[in-house]
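# Coordinate inspection notes
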Amino acid sequence: MLTRPFRSVLYIPGSKPRAIEKARGLPVDAIIFDLEDAVSPEEKAAARDTLADELAKGGFGSRFKLVRINGLETEWGADDARAAATMQTDAVLVPKVESASYLSEVAALTDEARLWAMMETPRGILHAASIAAYPLLDGFVMGTNDLAKELRSRTTPDRLAMLPALGHCLLAARAEGIAIVDGVYNAFKDDEGLAAECRQGRDMGFDGKTLIHPAQVAIANAEFGPSEADLDLARRQIEAYEAAKAGGQGVAVVDGRIVENLHVDTARSLLAQAEAIEAIAKG
Ligand SMILES: CC(C)(COP(=O)(O)OP(=O)(O)OC[C@H]1O[C@@H](n2cnc3c(N)ncnc32)[C@H](O)[C@@H]1OP(=O)(O)O)[C@@H](O)C(=O)NCCC(=O)NCCSC(=O)C[C@H](O)C(=O)O
Ligand SMILES: [Mg+2]
């Protein structure tokens, strides 16, 4: 399990300094400063400069920072990539990635910056394993809006049409040990719907959720973070297993369920994640 939390990953249009300012005080684990879909063509060049200035000013604490560039096939992509490489960011997020060779083209412009990939086209999903294995790549972000458009699917509460792609990308991400964050929930005033979708993503194994509005942050943090009950169970599992081991046993029982070394690994990771969350909260 990753130690750095990615429970809440908020998109902020690079063209909106007021929203960027707001993010400096939001309890998000990561921010995607967007130059792609959230920014109109007329604003794209100016947004690039705004973003460079705002990132240079800093003030984002330990929040992980990603800059989403436009695709290289657009008139802005190459300039975005070169500019992003000079910005105070932790990684460059590349949209509509369909192959590892496309990431190489981006890397040639970004001076070996760390990369993340948007997984949002059928071809990209089919190539998830080789994309995840790209040496500079540290994470996947699911682009469920673009994917739904490409699949011509309908959005349903159970996300039936998305499940094959979500599961396939999860397998690829976990095989390579990179992070993976679920897609956005568009109805940003529907808290219950968001919580349910977060729970589904968490149950599948996602590290967190991409968000479009500050009101979604607390819900994602709560759903993807370990609860007090989770932490209590983890501590009791470790204690029981250590006691069993000291007595020459390889298996303990807690709350009527077996605890073996693999469960203890998960329990320790959970405690480490809680510590990392606490460290971020302290700034
Ligand atoms: C969805 C919005 C257009 C709503 O905007 P608005 O009506 O202005 O919201 P509020 O009035 O409720 O805003 C209240 C305050 O919060 C600030 N705010 C709003 N959104 C953000 C944000 N994302 N980050 C930080 N701060 C934000 C406002 O400035 C208000 O502040 P204040 O004035 O000080 O009170 C809007 O939320 C928005 O534009 N959201 C982002 C949309 C976006 O990024 N879209 C692209 C990403 S999604 C995507 O591309 C997915 C993927 O590629 C795929 O294919 O699936
Ligand atoms: Mg998209």
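Computed from a prediction, not measured in an experiment: that's the story for all the values here.

## What about the overall build of the protein?
Scanning the protein from terminus to terminus reveals 12 helices and 10 strands. On the principal axes, the C-alpha backbone points of the protein span a range of 70 × 40 × 40 Å. Considering only intrachain contacts with a sequence separation of at least 6, the fraction spanning at least 24 residues in the protein is 65%.

## Re the UniProt feature "domain: HpcH/HpaI aldolase/citrate lyase" (unreviewed entry) in the protein
In this numbering, the UniProt entry assigns the feature "domain: HpcH/HpaI aldolase/citrate lyase" (unreviewed entry) to residues 7–214. Helix makes up 41% of residues 7–214 and strand 19%, whereas the separation of the span's terminal C-alpha atoms amounts to 13 Å.

## Some points on the environment of Asp182
Among the structural elements, Asp182 can be located in strand 7 (residues 179–182). A count of 30 C-beta atoms within 10 Å places Asp182 in the buried class. C-alpha separation for the pair Asp182 and Gly201, spaced 19 residues apart in sequence, amounts to 6.5 Å. With near-sequence residues (within four places) excluded, Asp182 lies in contact with Met142, Gly201, Phe206, Lys209 and Thr210.

## Some details on the nonpolar core
Across soluble globular proteins, you tend to see nonpolar side chains buried next to one another. Counting 70 residues, the largest nonpolar core has Leu103, Ala117 and Cys169 as the members making the most contacts within it. When residues in this core are grouped by element, the largest group, 6 residues, is from helix 8 (residues 163–176). In contact with Ala117, other than residues within four places in its own chain, are Val94, Val97, Leu103, Ile131, Leu137 and Phe140.

## Side note on the packing of helix 11 (residues 228–246) against helix 12 (residues 261–282)
In the contact formed by helix 11 and helix 12, the axes pass within 9 Å of each other and the chain directions differ by 135°. Classified by the angle between their axes, helix 11 and helix 12 sit oblique to one another. Once helix 11 is placed against helix 12, the crossing between them reads as left-handed. Residues Asp230, Leu231, Ala234, Gln237, Ile238 and Tyr241 of helix 11 form the contact with helix 12, whose own contacting residues are His263, Val264, Ala267, Arg268, Leu270, Leu271 and Ala274.

## Regarding helix 11
When the terminal C-alpha atoms of helix 11 are compared, their 27 Å separation across 19 residues agrees well with the 27 Å that a helix rising 1.5 Å per residue should span. One or two residues past the end of helix 11 sits Gly248, with phi positive at roughly 80°.

## Regarding the pairing of strand 4 (residues 91–94)
Burial along strand 4 is two-sided: Ala91 and Leu93 and Val92 and Val94, pointing in opposite directions, are all buried. Judged from the 3 bridges that link them, strand 3 (residues 64–68) and strand 4 form a sheet pairing that is parallel. Note on strand 4: the bridge partner recorded for Arg68 is Leu93. Judged from the 3 bridges that link them, strand 4 and strand 5 (residues 115–119) form a sheet pairing that is parallel. Pairing of Leu93 across the sheet is with Trp116, part of strand 5. Since strand 4 and strand 5 lie parallel, the crossover through helix 4 (residues 100–107) that links them has a hand, and here it is right-handed.

Cut-offs used in this document
Residues numbered from 1 in each chain as written. Chains lettered and ligands numbered in written order. Predicted model: local features only at pLDDT ≥ 70, side-chain atom pairs only at ≥ 80, totals over all residues. Helix = DSSP H or I, 4+ residues; strand = E, 2+ residues; numbered from the N terminus. Contact = placed C-beta atoms within 7 Å. UniProt positions renumbered as here; feature names shortened; annotations may be inferred. Buried ≥ 20, exposed ≤ 12 C-beta atoms within 10 Å, placed from the backbone. Core = buried A, V, L, I, M, F, W, Y, C linked by C-beta atoms within 7 Å. Axes fitted to C-alpha atoms, helices over the stretch in contact; angles between N-to-C directions. Parallel < 35°, antiparallel > 145°, perpendicular 65-115°, else oblique. Left-handed = near helix turned anticlockwise from the far one by under 90°. Expected span 1.5 Å × (residues − 1). Pairing = 2+ DSSP bridges. Right-handed = clockwise from strand over helix to strand, strands pointing away.

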